[in-house]
Amino acid sequence: MIFSVADFFITNMHVFEMASNYSPGRSSSRNSNKADGEFYDKWERYTQALMDKPSVSSFAIHSKNNCRKWTSTPGFHVTKDEIESLLSGFSDEQRLRMEGISLAGHPYTFTRFNLNRVMMFGRCSKTGSGCAVYPCNTCVIIATHEEGAQTSLCCNSIEKLGDFLIENGF
């Protein structure tokens, strides 16, 4: 049986409820490391659902509040400074045009916002790969795609996920 990304998230909504107030290492239980592991294991299933799409090559969700990683693909480490720069770029387009976008140490040229300035897009001139950024209420979704992948498919996957998260309070 094939599920869409949105179906997968609806089925596992309890993880999002945990995420909205979660801070690793602050569990009140005596087994906080176990709680942390269970939390991240559940998020990894969400990551895998997106990675099953051939249009997404790397992916992360981070808290907007403290930039803490909720989930990401292996090896895709977006720094706190990079996330803060992305988020401030939604209100300072000129800086983005001058400095560009940096994700996990890789530079992208800022190319555009979508029509209602909800998503940000960039392209790497060296490799032809691209990126999409979607800030939700409490988190930011970051995705990249390789050259040759259809940019619109990556953006569509991220937009659907972002819309779903916003509709559900994230």
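Values in this document were obtained by computation on a predicted structure and should not be read as measured data.

Attention now goes to the sheet that holds strand S3 (residues 101-103). Within a beta sheet, neighbouring strands are joined by backbone hydrogen bonds and run either parallel or antiparallel to one another. Taking strand neighbours across the sheet as the criterion, the seven strands line up as S2-S1-S7-S6-S5-S4-S3 in an open arrangement whose pairing is antiparallel. Lying at the two open borders of the sheet, with one neighbouring strand each, are strand S2 (69-72) and S3. Neighbouring strand axes in the sheet, compared pairwise and without regard to direction, differ in orientation by 25 degrees on average. Sheet strands touched by helix H6 (residues 151-167): strand S1 (58-63), strand S5 (120-123), strand S6 (130-135) and strand S7 (139-145). Its angle to S7, the strand with the most contacts, is close to 165 degrees.

Turning our attention to the layout of surface pockets. Volume-wise, the largest pocket comes out at about 260 Å³. Lining the largest pocket we find 16 residues, and of these His 106, Tyr 108, Ser 129, Thr 144 and Glu 146 sit closest to its centre. Secondary-structure elements contributing two or more residues to the lining of the largest pocket are strand S4 (106-113) and S7. Here the lining of the largest pocket gets three residues from one element, more than from any other, and that element is S4. When the residues that make up the lining of the largest pocket are grouped by side-chain class, the tally is seven nonpolar, eight polar and one charged.

For S1, the tally of buried residues reaches six of six residues, placing the bulk of the element in the interior. Taking every second residue as pointing to the same face, both faces of S1 are buried, with Ser 58, Ala 60 and His 62 on one and Phe 59, Ile 61 and Ser 63 on the other. Where S1 lies against S7, six bridges are found, and the strand directions are antiparallel. From the neighbouring strand, Ser 58 faces S7, where its bridge partner is Thr 144. Bridge count between S1 and S2: three bridges; the pairing is antiparallel. Residue pairing across strands places His 62 opposite Lys 69, the latter belonging to S2. Hairpin geometry of S1 and S2 is characterised by an intervening segment of five residues between the two adjacent antiparallel strands and by a positive phi of about 65 degrees at Cys 67.

What counts, and at which threshold
- Residues numbered from 1 in each chain as written.
- Predicted model: local features only at pLDDT ≥ 70, side-chain atom pairs only at ≥ 80, totals over all residues.
- Heavy atoms only, no water.
- Pairing = 2+ DSSP bridges.
- Helix = DSSP H or I, 4+ residues; strand = E, 2+ residues; numbered from the N terminus.
- Axes fitted to C-alpha atoms, helices over the stretch in contact; angles between N-to-C directions.
- Contact = heavy atoms within 4.5 Å.
- 1 Å grid on protein atoms, 1.4 Å probe; cavity = no way out; pocket = protein on both sides within 12 Å on 5 of 7 lines; lining within 4 Å.
- Points joined across faces, edges and corners; volume = space filled by probe spheres on them.
- Nonpolar A, V, L, I, M, F, W, Y, C, P; charged D, E, K, R; others polar.
- Buried < 20%, exposed > 50% of the residue type's maximum accessible area, 1.4 Å probe, protein only.

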